[in-house]
Amino acid sequence: MARVPSRGGPIVMVVDFHHARGPEIELSIGDEGTDPVAENDWSLLPFMALSDGAHTSVEEFSYFTLRRKETPTEKPTSLFGVSCSRQIESSLLKNRPPDVTRSTVQKAVVVVTDNPHSLGQLREKLSMVTTAWFAQRDFLDIDILKKFRESLVHSLKSSEELKREYFGSSLREMIRKFKYQTLILFKSLLLQPKILFFGSRCENLCLIQFSLISLIPGLMNHLEDCADPAFDSYARNVEKATSLKTSERASLLAYMGLPLQIFGKGSMFGPYTPLQQLDLLADHGTKSYVVGSTNSLLLQQKDRYSDILVNLDEDTVTVSSPSLRSALALSAADRRWIDFLTQVVSDTWDDAHPERPKTHGYMGSEEFIRLQFEEYLLALLSCMKYHDELNSYNTGESGRRSQSQIQAFNIEGDPALEFNQEFLTKWKETSNYALFQQLTSDALLYSIVEPRHPCAGGLSIDDIQRRLTQQISELHLDDRVREGREVLNKHLASGQKKVSAAFNSFWADIEAMREAQRKRNEEKAAQSQQLLSDKGYESLATSDSASAAPSSPGLMSRSTSRRAPSVDLSQAQASVSAVGQKASAYFSSWASWAGEKRKGWQDKRTAPPVSTPPGTSSSTSTFASAAEANRSDADSRQVTPRQSEDSVRRSQSVSRKKRWSNIILRRESGDYGFLKRAQDNGEDEKQCLQTDEESSHREVKNANVDEHLQREPPEEPPIESNKYAEKASTTDETKASPEKPSAEHQPNTSEEPSLETSKSPTTA
């Protein structure tokens, strides 16, 4: 079972990416007088060395397998290659070749060897050599590559360099990433389906495949047939073990039929497989394989090129075949076993050093994990052997052991059923199981290794609790709740800021509108004042303000509102409106006075006659009696209300005098058109003012009547009564005159009609 000896030493090559021809082998350093590239037809080696997407990384590694053809002296075998690709800017080169037209130069240094165990050591050395060669900035100087090849020849021949048996990524990382699916991948290797690994990082893609196949004991030492599905040298040359030394692990594994030949006739292994090898994958002679790719085009055709797809970017394992899916379903004992292993790795996990347990102990280490898988596989082989013995006895095959011989082993039932009956049926159809049966015929494996599942037993409450605990922990509820709380707080804070900003903006808009409205009002007021001053109506405004002092707040508000010019009309319309309003005010005031005067005359005609001394008018006697009554009650009444009423009457009398004088002056000057226009424009306002003034005078008259009834007249000085008597006599004389103004052209009057009648003609 020894490995095929090496033909020559390792080979060092340089692969360049040409902008027109693509990747090509630029340099090859090997044994003198040999050209391995031409001898073995390695036309696809440049595509394997420069993986898809390598230009996106500063440094990228690729692992691949090559076929070495058969020679008259040596058998065909598989070789293993590792490449380190880097790139540099063309402007930094000291000697820039004329065919370099792109801004960057990409090259890969490749090492090809026949020992897969040495790939781990070659990776570290290759990285340092490639970095140093690119640092020279002169690719014509290859002395560093020649010295590197010489050192590899001496180092790989040393037995000390081959002590490390296993190569690949950390098993701890694989179990932590895939958990129970790690056991599914392990069992899928035994069924030999088409397994496709996909990932964006080529190095991780290749290393996880080496880690998976290293779980089968001894397989890494027998990969001479993995490069080509036509190779089958191991199955033809392997010898059956006839002796056993239980103290030697290698002897025990050989007696148990290990390693299982996963990559034999019709199978291949390609850690990195370029698209140029798809024809080989789709060939009829290729029954199974384990390959990896970084090209997403294979994902679009995964049903054609894979039975099981392992996506490393998403950490998922997809089984496309329904029969294969049922065969790979884990039993209760399988799940209990892998859950225990996952829990040990999780308990000893160290983020700073994932490749070793944080306790630095044996539990959870790489050796512990490999020993657990080895124990699982040996138990599976022992159970399968006992399972075959039971089936041969039940079917009555000749040459098999009797019932007493089988019962002598004291094995209860069929322990192989703990590994899933469908899986056992599917495994019996594979070529590796046939070789296993050939190498272990007549061997009582169940007498050497106990035929029992490492975690045998039915489903228990502990299994259910452990399964639920693990599934809940996989959901990461605490992390999700914390993330959700953080997201909610962020949204609340941003929403509060948005609401406050919107409110502040809205309030600022309102303040701006108020300020603009205030400025517009000021401008309108200034325009109205300017309009009055330009048209020369200052005198009209003065007389209107003097005559528009109403006796009630209602009239004051109406007068103020009429004086305000319309700011929405043009300048000509505003001036006409102002003149019309003022004329209406004069005309309405005069009409109200005439109406009140007529009512006063009618009241006097209907009133009963009062006895007066001869030679004294009725008005004089009335004022005299009123003055006498006021003097008799001077001690019981206050003077202030009467004086305020007299002052109001005097102001009204003065304003009526001024208005009447203005009307007479305009009449004498012949300006009848002014009164006509005022009458036409202010007809409606005249009626409103007349109604208001009539109501106000009626209220004043009722108040005076109440005062006389209560016999509480205001106190007046004797001089005032004499004046009223004189004015009354003057009024009687005026009655005798034939000329009287009509009721429509007399101004407004107060409570003493005889006094107003005497004053108005005299003033005129």
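It should be noted that the structure appears before, not after, this text.
My aim in this report is to walk through the structure given alongside it, one point at a time.

The rules behind the values
- In this numbering scheme, every chain counts its residues from 1 along its sequence in written order.
- For a predicted model such as this one, the threshold for reporting local features is a pLDDT of at least 70, and the threshold for listing and counting side-chain atom pairs is 80 or more; totals across whole chains, interfaces and linings nevertheless cover every residue.
- Note: side-chain values were computed over all heavy atoms of the structure, leaving out hydrogens and water.
- Two strands form a pair only when DSSP identifies at least two bridges running between them.
- Labels follow the DSSP assignment, with helices taken as runs of H or I lasting at least four residues and strands as runs of E lasting at least two, numbered in each case from the N terminus.
- The convention used is that axes are lines fitted to C-alpha atoms, helices contributing only their stretch in contact, and that angles between N-to-C directions extend from 0 to 180 degrees.
- Only protein chains enter the accessibility calculation, which uses a 1.4 Å probe; a residue is then buried when its area is under 20% of its type maximum, exposed when over 50%, and partly exposed in between.
- This arc corresponds to the set of directions leading from the helix axis out to the C-beta atoms.
- Side-chain rings of Phe, Tyr and Trp (the six-membered ring for Trp) are treated as a pair once their centres are within 6.5 Å; stacked means planes under 30 degrees apart, edge-to-face means over 60, and tilted covers the remaining angles.
- Note on criteria: charge over ring means Lys NZ or Arg CZ within 6 Å of the ring centre, with the direction from the centre no more than 35 degrees off the ring normal.

### Let's talk about the sheet that holds strand β9 (residues 308–311)
Strand order in this open sheet of five strands is β7-β8-β6-β9-β10, and the pairing throughout is mixed. Two strands lie at the open edges of the sheet, namely β7 (267–270) and β10 (316–319), each paired on one side alone. Taken over all neighbouring pairs, the strand axes of this sheet differ in orientation by 15° on average, direction set aside. Where strand β6 (residues 194–198) and strand β8 (residues 288–293) come together, five bridges link them in parallel fashion. Each bridged residue has a counterpart across the sheet, and for Phe198 the counterpart in β8 is Ser293.

### Description of helix α18 (residues 431–439)
Those residues of α18 lying buried are Asn432, Tyr433, Leu435, Phe436 and Leu439. Around the axis of α18, the buried residues are gathered within 160° of arc, so they sit on the same side.

### Description of the pairing of strand β2 (residues 22–29)
For strand β1 (residues 11–18) and β2, the ladder comprises seven bridges, and the chain directions are antiparallel. By the bridge assignment, Met13 is partnered in β2 with Ser28. Remark: three residues form the turn of the hairpin made by β1 and β2, two consecutive strands paired antiparallel.

### Section: the packing of aromatic side chains
Under the counting rule described, the total for this entry stands at 17 aromatic pairs. Ring plane angle 90° and centroid distance 5.4 Å describe the contact between Phe210 and Phe269, whose orientation is recorded as edge-to-face. With Phe210 in helix α7 (residues 202–213) and Phe269 in strand β7, this residue pair connects regions lying 59 residues apart in the sequence. Ring geometry for Tyr386 versus Tyr446: centroids 5.4 Å apart, planes at 75°, classification edge-to-face. Note that Tyr386 is positioned in helix α15 (residues 366–395) and Tyr446 in helix α19 (residues 445–448), a separation of 60 residues in sequence. The two residues Tyr386 and Tyr446 agree in class, both being buried. Taken together, the ring pairs connect Phe186, Trp337, Phe373, Tyr376 and Phe419 into an aromatic cluster. Over the ring of Tyr180 we find Arg335; its NZ or CZ atom is 4.2 Å from the centre of that ring.

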